[in-house]
Amino acid sequence: MKAIDRLFARIAAPMDGPLLSISGGLLLLGLLTLYSASTDGSARITSQLFNVGIALAVMWMAAQVPPQTLMRFALPAYLLGLALLVAVALFGDVRNGARRWLSLGFGSGQPSEIMKVAMPLMLAWYFHKNEAALGLRDYLVAAALLAIPTLLIARQPDLGTALLVAAAGFYVIFLAGLSWKLLIGAAAALAASLPFLWSLMHDYQRRRILTLFDPTEDPLGAGYHIIQSTIAVGSGGITGKGWLNGSQTHLEFIPERTTDFIFAVYSEEFGLIGNTLLLALYLALITRGLMIAANAPTFFSRLLAGAVTLTFFTYAFVNMGMVSGILPVVGVPLPLVSYGGTALVTLFLDIGILMSINRHRTLVQT
Amino acid sequence: MKLTEFKNTQRELYYFQVRVGVAGMVVLAAFAVLLARFVYLQVVQHEYYRTKAEDNRISIVPIAPNRGNIVDRSGVVLARSYSAYTLEISPRQVPDVEAVINELASIIDVRASDRNRFRRMLVEAKGADSLPIKTRLSDEEVARFAANRYRFPGVEIKARLFRQYPHGELASHVLGYIGRINDRDLELIAAESLEANYKGSDHIGKTGLEQSYERQLHGATGYEQVEVDAGGRGVRTLSRTAPTSGNSLSLTLDLRLQEVAEEAFGAHRGALVAIEPATGGVLAFVSKPGFDPNLFVDGIDPANWELLNNSPDRPLINRALTGLYPPGSTFKPFLALAALSLGKRTTTQAIADPGYFIFGGHRFRDDKVGGHGVVDMYKAIVVSCDTYFYMLANDLGIDNISGFLRQFGFGARTGIDLEGEAAGVLPSQEWKMKRFSRPEQRKWYAGETISVGIGQGYNAYTPLQLAQATAALASGGVMYRPHIVHYIENSRTGERTYVEREPLRTLALKPQHIEFIRNAMVGVNKEGTGARAFAGAGYTSAGKTGTAQVVALKQNEKYHESRVQERHRDHALFIAFAPVESPKIALAVLVENAGFGARAAAPIARQVLDYYLLGKRVPPADKAPAGAVEDDDESD
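Values in this document were obtained by computation on a predicted structure and should not be read as measured data.

Quick notes on the overall build of chain B
From N to C terminus, chain B includes 24 helices and 23 strands. For chain B, buried positions account for 44% of its 636 residues. Partitioning the contacts of chain B with sequence separation of at least 6, the portion at a separation of at least 24 is 75%.

Quick look at the overall build of chain A
Assigned secondary structure in chain A consists of 15 helices and three strands. A burial count over chain A gives 49% of its 366 residues as buried.

Brief notes about the interface of chain A and chain B
How big an interface is tends to be stated in terms of the accessible area lost upon association of its parts. Taken together, the 35 residues of chain A in the interface contact 33 residues of chain B. Elements that contribute at least two residues to the side of chain A that touches chain B include exactly helix H7 (159–175), helix H11 (222–236), helix H12 (247–250), helix H13 (262–294) and helix H14 (299–323) of chain A. Per-element accounting of the side of chain A that touches chain B gives the leading share, 10 residues, to H13(A). The residue makeup of the side of chain A that touches chain B, split by class, is 19 nonpolar, 14 polar and two charged.

Considerations on the nonpolar core
Residues and elements named next belong to chain B. One finds Leu272, Val273, Ala274, Leu587, Val589, Ala601 and Val608 to be the most contacted residues of the largest nonpolar core, which totals 129 residues. No other element matches the eight residues that helix H21 (residues 463–474) contributes to this core. Per-domain counts for this core show at least three residues from each of domain 2 (60–251) and domain 3 (255–622). Residue contacts for Ala274: discarding those within four places in its chain leaves Leu257, Leu283, Ala284, Ala467, Ile585, Leu587 and Val608.

A word on the sheet that holds strand S1 (residues 58–63) of chain B
All names here are of chain B. Strand order in the open sheet made by the three strands is S1-S8-S9, with antiparallel pairing throughout. Of all the strands in the sheet, just S1 and strand S9 (234–241) have a single pairing partner and so form its edges. Ignoring which end each strand starts from, the neighbouring axes of this sheet average 30° apart.

Section: the sheet that holds strand S22 (residues 571–578) of chain B
All names here are of chain B. The five strands lie next to each other as S12-S11-S23-S22-S21, forming an open sheet whose pairing is antiparallel. In this open sheet, the two strands that pair with only one neighbour each are strand S12 (282–288) and strand S21 (542–548). Between one strand axis and the next, the sheet turns through 5° on average, direction left out of account. Across the face of the sheet, H21 comes into contact with strand S11 (270–275), S22 and strand S23 (585–591) while running at roughly 150° to S23.

Quick look at unusual backbone geometry
Backbone geometry follows two general trends: most residues other than glycine have a negative phi, and most peptide bonds adopt the trans configuration. The step from Gln156(A) to Pro157(A) runs through a cis peptide bond, and the omega angle for that step is 0°. In this structure, Pro157(A) sits in the loop between helix H6 (136–154) and H7. The linkage connecting Ala578(B) with the following residue, Pro579(B), adopts the cis geometry, with an omega of -20°. Structurally, Pro579(B) is set in the loop between S22 and S23. With phi around 50°, Glu256(A) is a residue other than glycine that occupies positive phi space. With phi around 70°, Leu336(A) is a residue other than glycine that occupies positive phi space. Counting through the fold element by element, Leu336(A) comes out in the loop between H14 and helix H15 (341–359).

Observations regarding the packing of H7(A) against H14(A)
Residues and elements named next belong to chain A. Closest axis-to-axis distance for the H7/H14 pair is 8 Å, and the angle between their directions is 140°. When the axes of H7 and H14 are compared, the pair comes out oblique. Seen from above, H7 lies across H14 with right-handed handedness. Side by side, H7 and H14 meet where Leu163, Leu164, Ala167, Ala168, Tyr171, Val172 and Leu175 of the first sit next to Leu303, Gly306, Ala307, Leu310, Thr311, Thr314, Tyr315 and Val318 of the second.

Remarks on the pairing of strand S3 (residues 77–89) of chain B
As a general feature of sheets, a regular strand has side chains that alternate between the two faces. All names here are of chain B. In the sheet, strand S2 (residues 70–71) pairs with S3 via two bridges, with the strands oriented antiparallel. The residue bridging Val71 from the neighbouring strand is Val77, located in S3. Taken together, S2 and the strand that follows it, S3, pair antiparallel across an intervening segment of five residues, in which Gly75 is found at a positive phi of about 90°. In this sheet, strand S5 (residues 155–164) lies alongside S3 in antiparallel orientation, the contact comprising 10 bridges.

Considering the confidence of the model for chain B
Residues and elements named next belong to chain B. In the predicted model, chain B carries a mean pLDDT of 87, and 93% of its residues have values of at least 70. Per-residue pLDDT stays below 50 along residues 620–634; that stretch engages in 21 contacts with residues further than four places along the chain or on separate chains. For this predicted complex, the interface score ipTM comes out at 0.94, alongside a pTM of 0.70.

So, the confidence of the model for chain A
Summary statistics for chain A give a mean pLDDT of 88 and a share of 94% for residues scoring 70 or more. Averaged pLDDT values for the elements of chain A fall to 61 in strand S3 (residues 107–109) of chain A and rise to 96 in H13(A).

Some details on the environment of Tyr35(A)
All names here are of chain A. Topologically, Tyr35 is positioned in helix H2 (residues 17–37). According to the C-beta neighbour criterion, Tyr35 is partly exposed, with 16 such atoms within 10 Å. Between the alpha carbons of Tyr35 and Leu244 there is a distance of 8.2 Å; along the sequence they are 209 residues apart.

With respect to the environment of Val142(B)
Residues and elements named next belong to chain B. Counting through the fold element by element, Val142 comes out in helix H5 (residues 139–148). Taking the C-beta count within 10 Å as the criterion, Val142 has 15 such neighbours and is therefore assigned partly exposed. Aside from chain neighbours lying at most four places away, what touches Val142 is Tyr85, Leu137 and Ile157.

So, the pairing of strand S10 (residues 248–251) of chain B
Residue and element names in this part refer to chain B. Side chains Ser248 and Ser250 project from S10 onto one buried face, and the interleaved Leu249 and Leu251 project onto a second face that is buried too. Sheet topology places S10 next to strand S18 (residues 485–489); four bridges connect them, and they run antiparallel. The residue of S18 that forms the bridge with Leu251 is Val485.

Some points on helix H7 (residues 183–191) of chain B
With zero of nine residues buried, H7(B) is to be regarded as a mostly surface element. Phi turns positive one or two residues past the end of H7(B), at Ser193(B), with a value near 55°.

Let's talk about the packing of helix H10 (residues 255–264) of chain B against helix H24 (residues 602–614) of chain B
Residues and elements named next belong to chain B. Close contact between H10 and H24 brings their axes to 9 Å; oriented N to C, the two are set at 160°. As summarised for this structure, H10 and H24 are arranged roughly antiparallel, according to the angle between their axes. Of the two possible hands of crossing, H10 and H24 adopt the one that is right-handed. Across the interface between the two elements, Leu257, Val260, Ala261 and Ala264 from H10 touch Ile604, Gln607, Val608, Tyr611 and Tyr612 from H24. A per-class count over the contact of H10 with H24 returns eight nonpolar, one polar and no charged.

About the cut-offs
- Residues numbered from 1 in each chain as written.
- Chains lettered and ligands numbered in written order.
- Predicted model: local features only at pLDDT ≥ 70, side-chain atom pairs only at ≥ 80, totals over all residues.
- Helix = DSSP H or I, 4+ residues; strand = E, 2+ residues; numbered from the N terminus.
- Buried ≥ 20, exposed ≤ 12 C-beta atoms within 10 Å, placed from the backbone.
- Contact = placed C-beta atoms within 7 Å.
- Nonpolar A, V, L, I, M, F, W, Y, C, P; charged D, E, K, R; others polar.
- Core = buried A, V, L, I, M, F, W, Y, C linked by C-beta atoms within 7 Å.
- Domains from an automatic or database assignment.
- Pairing = 2+ DSSP bridges.
- Axes fitted to C-alpha atoms, helices over the stretch in contact; angles between N-to-C directions.
- Parallel < 35°, antiparallel > 145°, perpendicular 65-115°, else oblique.
- Left-handed = near helix turned anticlockwise from the far one by under 90°.
- pLDDT = per-residue confidence, 0-100.

Here you go:
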């Protein structure tokens, strides 16, 4: 009996109660919605439960690792990620018109996923290392560290991941204290370079952005996703159509309804009340993460915790904004809700990092 | 030193927390934007999107009604609808249509004509859901396809309604046909705001009764509310409103009589209209040659179309309805009646016929060289004396003639229940003024009246008009609107709506005048130009022969049938009614380019009357019994 108690305590020790219950709530909503959205019976649920199991294990392990150890991973992880991105650009497999996959001996993977964690890790480590005297030079180096992988990913093309990676890096730079003047200057520069960015974009990316302004322009092509998901959200009303009762979902009008567009399913069936609950859960998750960041003992852990937390915001905002028709369609899943193992593992790795930072806040750094 | 470091750390932490606070605000603001968007979509615009979702979800599937049947007066089915299996391809689901058709041909007999039709429809019916590659599959073909179905996504067997005309060519000009709805039909449907009712229909009446009674025959389209998925596949039926079958038409037409009449024409071209004088009901309505309406139902193939459309016999022309012919001598009884009624002649006034009539230096010849001797009105009709009627017409004047004959319906549409009827020409001074533009042409010349007197000149009437006028003689001046449909039977209630029961008008004619004309026409069949054809008939009949010139003869030129090209030969005409005591049938016969009415048209009338009155069918071999009038001497 005692042994079991000890084991339980051992398992529970690194966990953060609030983070675990909030993410548990999100997972539950995700599974409910996934069940409704799957037309192929319970196969997807089983597979998602398996993903959840792996993700939780990753989280638990990450929560064990002290931030100092994490710091040591920063440079190697970043360099590995960068090397793999270069490899993808040179030898990657093309699927659905995008060069994103890299075949390894045992299988294939998307190296861009690594960058989602490696980027904030790297920048947090960089700023931490130069904490004593941060100058303009450091911000420029950080900007370059951020820009290179982002551009490589954007060129694959994978706008969604590029956006997430860029945002994660930007959060580190912002939290590290980039001066407001520079920040505003950079924003202005970005705005000025929009036409140039536009010229770099692929046709389909431009179309997605144009479609946002007038989805009816191309109702069966690029506009179809937005039109149908907006209908799903709007027709849900205040109370929603009820679980398993969404006609847009069950008659298959919503494309990608288990992955990127799962929010349309959720929103149709649970309505404004459900949406408010979902926003509240994300807000709670972010609040808890920011609290952890604010109380973290080292510059590195603060920056990392803050950036990782705000990544959840990026995911949630971009996804819900896209499904409800105020942002262009980019491949960003709804965090902890959308079906898919890779994103789930990455996100729980982030939560694990947060837990670790929270757990080790009282330990004095040597 | 230690203190500054601590202070720095504190200040750093403070700065960091400010940044975190700012980030938190941004997060809150962004979530507020999302929430506002959700409120906008889910509360403000909810109704709009709810409707959109319902429109997505529910599809209205029309169910085509069964087209009404057409039956003859004794209930024989002339046109019916039946359901049969067709093999259909959904072009949008099939990327390579030709390849699929080739593949299908390996298990089902797909003819070249089927392929052509499919290709034509593919062009015509842009955006159609599915199009038939083969219609009317046999049970075996259905089974064979069913076994191979998995190989053909986008190909389906469907039950469709077909139209069948069991008697083929018989009465084809009466029935008309249905065909696939084309752009012009769609315009007409839109003009009448009937789009909804034609949602599920592929076919529409194109000619004949199928066209003129389209609204009755079509029925009301039913519909199903079906829940569909994004691919357009039906998931379940939410509600169903059954279609209402079209009403059926019961005709006054007697199919057996029609058959006798059509056979009587043999290989000749021509028209026959037989009317029941007491009702105006059409008993037989022939236009030869006919066509097989079944060819048109699925869209006629180019070879058959070529054959029908380019044939010099013009089988698609409804001669009885739209053909305009001079009435020839069949006009004479009506002119005689005009002269009696207007007091321009008495029955006993006689002329001495020299065989011609000279007017304005022009010699109007009679058919009989040397003339008919002393001719009174009776004899003038019986032997068809031209000279008598040249003079009579001259005395009447053109406006008296047209004024009187207008009452009989000459030169005006009868209003029969078939579309496309021709009006014809009843010449008058006013008509000529309107018809021509050059001043010298617009004037009526008295000489022109004389040709009108023997049914030539500008006279041009449909065989139907001639039959209607003959029926009016038979009924003693009671005019009916000729009609082919007796009643329309409501498919649900069985209630009958009669098309025409009341006469149009009764002509103000003196009974003794009509009686005299009828007697003279009896004389035609007893001792005159119709006597040979009507020898030994078991009933009393009244008739009048006629021959209409196709090509004008030169002065003093005599017409020799054998010397004239077939197409330029005269048209033979005959009008008749019987039994004279109480006429049951009145008819007009026209045989194109067949020469004398007595020889070519009267025997056809005889066969029709024999069958209708006596139930006798004359075997084709013993037509034309020996007659009272010699060939050489033939006149009308």
